[in-house]
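Read off the chains here:
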Amino acid sequence: MESVWPALEPLLMQVQKPARYIGGEDGAAVPRHHPAKVAWLLTYPDTYEIGLPNQGLQILAEILNERSDAVAERSYAPWSDLEALLREHAIPLFSVDTHRPAAAFDVIAFNLSAELVYTNVLNCLHLAGLPVRAADRHAGHPLVGAGGHCASNPEPLADFVDFFVLGDGEEVVGEISAVLAADKAAGTTDREARRRHLGAIPGVYVPALYDVTYRADGRLAAVTPRYPEVPEQVEKRTVADLAEWPYPRRQLVPLTEVVHDRLNVEVFRGCTRGCRFCQAGMITRPVRERPADQVREMVATGLRRTGYDEVSLTSLSTADFSGIEGVVADVVNDPANGGRVSVSLPSLRVDAFTVGIAGEIQKGRRTGLTFAPEGGTWRIRQVINKLIREEDLYGAVESAYSQGWRRMKLYFLTGLPTETDEDTLGIARLARHCVEIGRKYHKNPSVTVSVGGFVPKPFTPFQWFGQNTLAELTRKMHLLRDELRRDRGVQFKWHDPKATTVEGIVSRGDRRLGAVIEDVWRHGGTFQEWTEHFDLDLWLDALDRHAMTVEDLVYRHRTEEEVLPWDHLSAGLHKDFLWQDWRDALDEVGLEDCRWTPCYDCGACTGYGVEHVVASAVPPAGGSQGTGQDLAAAGEVPVTLLPRRAEPVGAR
Amino acid sequence: MTRVRLRFSKLGKVRFTSHRDVARMWERALRRVELPVVYSEGFSPRPRLHFGLALSTGHESLAEYVDVDLRDDTASTVDIGSLPAVLSSALPAGIDVTAAAAIPGGTPSLQHAVTSCSWRISVVGAAPAALYRAVERVLAAEELVTTRQRKGHDVTDDLRPLVVALAASVSHPTGPTGPARPTDDGTELTCELATQPRGLRPAELVALLGDGLTEGRVLRTHQWIQHDGARQEPLAAQATSAPHAEARAS
């Protein structure tokens with residue numbers, strides 16, 4: 001197949017950051033195409049510098065290229081300057097590996113990490129030369145797939161995507177390749193037949209194989225399979241043992257600057273802290289740790305191969321990894337790394353133990369630490385099950401300031417269920433107190449408070465909650481802004497409530513929302529994640545034109561009886577467990593982490609016959625997380641890894 | 001401390017990366033081959049690399065230079081002759097190290113020493129005859145005074161002294177001569193442009209030649225140091241060369 005490179009090359013002098021489009025990353029496999037192989041184009045529907053580091057796409061590209069029946073390349077959404085030139089010169093969307101036109105692939109598969117990229121999915125399909133609606137595509141067109149966290153509610157994109165993958169992709173991409181390769185060998189080109197073959201694979205959801213019915217009042221009635229072999233409920237896929245999947249083996253090293261430009265090693269998947277707002281923690285259960293030795297090996301070989309001097313140990317809460325101190329110490333002290341490797345832990349727990357680990361790795365540069373208490377009062381933190389006591393936070397902050405850090409960043413949510421202004425203003429109170437602690441150690445301590453509006457997500461206990469209105473979220477942000485206006489030392493940042501509202505529109509939508517997404521895209525609404533492109537009015541106008549309202553889609557509380565658009569799918573969690581957890585939330589009752597306490601039967605383990613894979617049976621030392629869990633068992637583990645200074649700096 | 005000067009190319013797709021991107025590629029490559037590079041002091045130590053004149057994003061080059069400081073305690077074990085091959089394999093396709101040599105202490109930095117660069121510039125929008133006439137006009141001019149805006153002020157420069165040498169040629173459209181392929185018209189400039197007191201950019205030269213002309217592909221072929229009336233390259237010609245470099249790119 002011909003490359004678009006000769007046509008593309010002269011245009012690249014006219015665009016910003018042309019290195020986005022050239023490929024050539026170290027670690028990229030040379031794709032070996034063959035007519036019998038299933039050719040995948042793995043597409044991240046946002047810019048190269050956001051999409052390239054995505055570990056999911058990198059893992060799947062490697063796994064596919066190792067197979068004899070598949071080949072994979074990558075593509076990213078071209079920025080609007082190149083898009084205009086591509087359209088002017090009739091050049092289609094292309095892969096960055098060999099600059100092959102997207103339509104020359106058998107499958108175009110999208111990673112869905114955020115709701116606001118959905119219009120970019122349509123734009124990429126259109127740039128590829130495909131009809132955006134699946135029903136309008138014919139046998140010669142590629143199949144369109146999607147996966148990633150947002151695929152847990154695929155309905156808003158059901159009109160455009162042929163198949164969705166639920167859960168972990170490592171195993172299922174192979175099964176999909178085998179099925180599509182068999183269809184190729186048999187000469188099966190009929191789209192419906194191929195969709196039915198895909199729909200028979202566990203974890204694959206093919207929306208066209210389901211009929212959707214609505215009640216007279218407009219509510220969803222049922223989503224039912226059209227064929228006997230199609231499952232009534234599609235279960236997500238779960239990789240039981242992360243040790244069997246040491247991917248990516250060859251992480252891509254881009255030629256140009258991207259976000260998270262460092263080595264990433266995933267240390268565990270899943271989280272059972274049970275924060276009720278957190279979709280990632282709910283849908284990726286159970287916890288599966290990578291063996292510590294494999295982590296060490298992946299770090300050592302990865303650093304040597306890539307030449308990076310920074311490694312991130314990734315997970316939803318890395319301080320919870322069994323024996324994290326040992327792994328971190330080994331990486332930092334490995335003589336092969338020359339003492340110049342820095343380790344980053346992207347999601348810190350709020351406790352002094354975590355600060356101790358952070359102190360171990362940030363020997364020289366102590367720039368800033370980030371904590372996420374999420375709620376301003378103990379009451380609201382019980383509601384959301386982020387069980388951090390004030391003394392945990394202040395202990396962590398004191399520990400950090402005393403060990404040399406000067407800047408703290410605190411993440412909060414507002415618009416949470418049962419939230420009162422006392423809870424919202426509690427954010428200001430906590431931040432102020434942190435600054436006061438800092439003054440004991442430094443002249444000008446700084447605390448950045450970053451507040452986001454809460455969006456209820458599918459497969460969480462808050463999936464029934466009516467999101468705060470745009471006016472209410474804006475009022476709360478202004479309340480905090482005004483409260484903190486005169487506070488020296490506290491910087492207040494907030495996520496635009498308009499964007500939060502659009503996330504809410506898409507997050508829990510059903511299949512009818514597809515028309516709205518298409519409308520927004522047809523009116524030029526691409527790159528909605530980017531402030532310079534985001535436009536709330538595009539969305540509100542589109543809702544109007546399709547007789548839908550924000551009140552109904554976003555602000556309305558759902559009832560227990562209501563059929564939710566994702567009820568025919570499963571992330572492993574029992575609906576009655578989630579409902580009970582929702583009732584507990586309203587009663588301000590917290591729930592302990594089930595890694596170290598008896599099972600609540602949420603369904604994630606029992607349903608799949610898998611278990612938590614955790615190297616240590618005792619919880620980590622340090623912060624109580626307010627659970628009342630007996631942490632005496634972890635008492636032998638030192639809470640502070642570095643000796644505390646006897647006298648605080650600056651105290652006289 | 002031993003300072004090693006390296007010459008490298010930047011050809012093909014990788015030309016679309018920026019000067020900063022290239023600096024990062026070098027940092028990673030040096031860590032990968034585990035050279036005993038001297039690191040800067042401070043909270044975030046970085047390898048001590050000294051690049052010469054920045055090459056604009058999109059331009060190609062046969063003659064980029066970087067000076068690398070190696071620790072003396074181990075420098076004796078580094079075989080400088082092997083560096084071109086070793087480093088080329090750790091750098092992206094299109095970036096090949098073509099020469100390496102230790103340079104004496106006190107050698108002026110590349111930024112200060114280089115006085116001019118040779119370029120091959122394909123010109124878009126020029127009929128061959130018109131381009132030849134424009135070149136003659138520029139060469140015959142006593143002075144070429146232009147005014148440009150800089151930090152809100154009008155700055156007036158005579159650009160004529162910055163054009164050290166200039167010639168136009170027309171290549172066979174079917175036979176590209178090296179990486180800087182001529183345009184459809186096949187018109188190409190070969191020139192030497194001064195870098196001091198200020199650098200004349202290829203685009204500025206093309207603009208001097210006539211309205212509506214723009215640069216196509218641009219290739220830096222040499223950097224020059226004017227010294228005691230003689231012109232020499234930052235690395236002597238006999239330093240290790242890698243003839244495969246052009247073939248490897250894109």
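Heads up: the structure comes first, above all this text.
Residues numbered from 1 in each chain as written. Chains lettered and ligands numbered in written order. Predicted model: local features only at pLDDT ≥ 70, side-chain atom pairs only at ≥ 80, totals over all residues. Heavy atoms only, no water.

## Comments concerning the overall build of chain A
Across its full length, chain A holds 20 helices and 19 strands. Relative to the compact-globule value of 26 Å for 652 residues, chain A shows a C-alpha radius of gyration of 25 Å, a close match. With respect to the principal axes defined by its C-alpha atoms, chain A has extents near 80 × 60 × 50 Å. Buried residues in chain A amount to 61% of all 652 residues. Within chain A, contacts between residues at least 6 apart in sequence are counted, and of these 76% link residues at least 24 apart. Accessible surface computed for chain A: about 24400 Å², of which carbon and sulfur atoms make up 51%. Across chain A, the centroid of the 71 positively charged side chains sits 5 Å from that of the 91 negatively charged ones. (Helix = DSSP H or I, 4+ residues; strand = E, 2+ residues; numbered from the N terminus. Rg over C-alpha atoms; globule rule 2.2 N^0.38 Å. Buried < 20%, exposed > 50% of the residue type's maximum accessible area, 1.4 Å probe, protein only. Contact = heavy atoms within 4.5 Å. Areas by Shrake-Rupley, 256 points an atom, 1.4 Å probe, with all protein chains shown as cover. Lys, Arg positive; Asp, Glu negative; His and termini not counted. Charge placed at Lys NZ, Arg CZ, Asp CG, Glu CD.)

## Examining the pattern of salt bridges
Tallied over the full model, the rule gives 74 salt bridges over all chains. Among the salt bridges present, the one from Glu588 of chain A reaches Arg379 of chain A, with a minimum N-O distance of 2.9 Å. Placement of the pair is Glu588 of chain A in the segment after α20 (575-586) and Arg379 of chain A in helix α12 (residues 378-383), with a sequence separation of 209 residues. Residues Glu60 of chain B and Arg217 of chain B are paired through a salt bridge, measuring 3.0 Å at the closest nitrogen-oxygen approach. Residue Glu60 of chain B is found in strand β3 (residues 60-70), and its partner Arg217 of chain B is found in strand β10 (residues 214-227); the two are separated by 157 residues along the sequence. Glu60 of chain B gets classed as buried once you look at its relative accessible area, which sits at 1%. What emerges from the salt-bridge pattern is a single network uniting Arg137, Asp162, Arg191, Glu192, Arg195 and Arg226 of chain A. (Salt bridge = Lys/Arg side-chain N within 4 Å of Asp/Glu carboxyl O.)

## Section: the sheet that holds strand β15 (residues 368-374) of chain A
Residues and elements named next belong to chain A. Spatially, 4 strands are ordered β15-β16-β17-β18 in an open sheet, and the strand pairing comes out parallel. The open sheet terminates on both sides in strands that have one partner only, identified here as β15 and β18 (490-494). Sheet twist, expressed as the mean angle between neighbouring strand axes with direction ignored, is 20°. (Pairing = 2+ DSSP bridges. Axes fitted to C-alpha atoms, helices over the stretch in contact; angles between N-to-C directions.)

## Points about the packing of aromatic side chains
Applying the stated criterion across every chain, the model contains 16 aromatic pairs over all chains. Measuring from ring centre to ring centre gives 6.2 Å for Trp5 of chain A and Phe16 of chain B, while their planes differ by 80°; the resulting arrangement is edge-to-face. Of the two residues, Trp5 of chain A sits in helix α1 (residues 5-8) while Phe16 of chain B sits in the loop between β1 (2-10) and α1 (19-32), which places them in two different chains. Both residues of the pair, Trp5 of chain A and Phe16 of chain B, belong to the buried class. Three or more aromatic residues joined by ring pairs form one cluster here, namely Phe454, Phe462, Phe465 and Trp582 of chain A. (Phe/Tyr/Trp six-rings, centres within 6.5 Å; stacked < 30°, edge-to-face > 60°.)

## Examining unusual backbone geometry
Put simply, Arg285 of chain A and Pro286 of chain A share a cis peptide bond, and its omega is -5°. With respect to the helices and strands, Pro286 of chain A occurs in the loop between α8 (279-283) and β12 (288-289). Note that the residue after Gln196 of chain B, namely Pro197 of chain B, is joined by a cis bond; omega there is 5°. With respect to the helices, strands and loops of the structure, Pro197 of chain B is situated in the loop between β9 (187-194) and α6 (202-209). One non-glycine residue, Lys17 of chain A, lies in the positive phi region at around 45°. Taking the relative accessible area as the measure of exposure, Lys17 of chain A reaches 51% and is therefore exposed.

## Points about the sheet that holds strand β4 (residues 143-147) of chain A
Residue and element names in this part refer to chain A. What the 6 strands build is an open sheet, ordered β2-β1-β3-β4-β5-β6; its pairing is mixed. For this open sheet the edge positions go to β2 (70-76) and β6 (204-205), each flanked by a neighbour on one side alone. Relative to β6, strand β5 (residues 163-165) is paired through 2 bridges, and the arrangement is antiparallel. Opposite Phe164, over in β6, you have Tyr205 as the bridge partner.

## A short note on the environment of Asp241 of chain A
Residues and elements named next belong to chain A. Position of Asp241 relative to the elements: it lies in the loop between β9 (234-235) and β10 (263-266). Classification of Asp241 as partly exposed rests on a relative accessible area of 29%. For the pair formed by Asp241 and Pro291, sequence separation is 50 residues and the distance between their alpha carbons is 9.7 Å. For Asp241, the side chain forms a polar contact with the main-chain nitrogen of Ala243, separated by 3.0 Å. (Polar contact = N/O pair within 3.5 Å; in protein donor to acceptor, adjacent residues only side chain to side chain.)

## Brief notes about empty space enclosed by the protein
Residue and element names in this part refer to chain B. Per the counting criterion, the structure on display carries 8 cavities of 30 Å³ or more. Approximately 80 Å³ is the volume attributed to the largest cavity. Taken together, Phe8, Lys10, His19, Val22, Phe51, Gly52, Leu53, Leu55, Glu64 and Tyr65 make up the full set of residues lining the largest cavity. Sorting the residues of the lining of the largest cavity by element identifies β1, α1 and β3 as the ones contributing at least two each. A class-by-class count of the residues in the lining of the largest cavity yields 6 nonpolar, 2 polar and 2 charged. (1 Å grid on protein atoms, 1.4 Å probe; cavity = no way out; pocket = protein on both sides within 12 Å on 5 of 7 lines; lining within 4 Å. Points joined across faces, edges and corners; volume = space filled by probe spheres on them. Nonpolar A, V, L, I, M, F, W, Y, C, P; charged D, E, K, R; others polar.)

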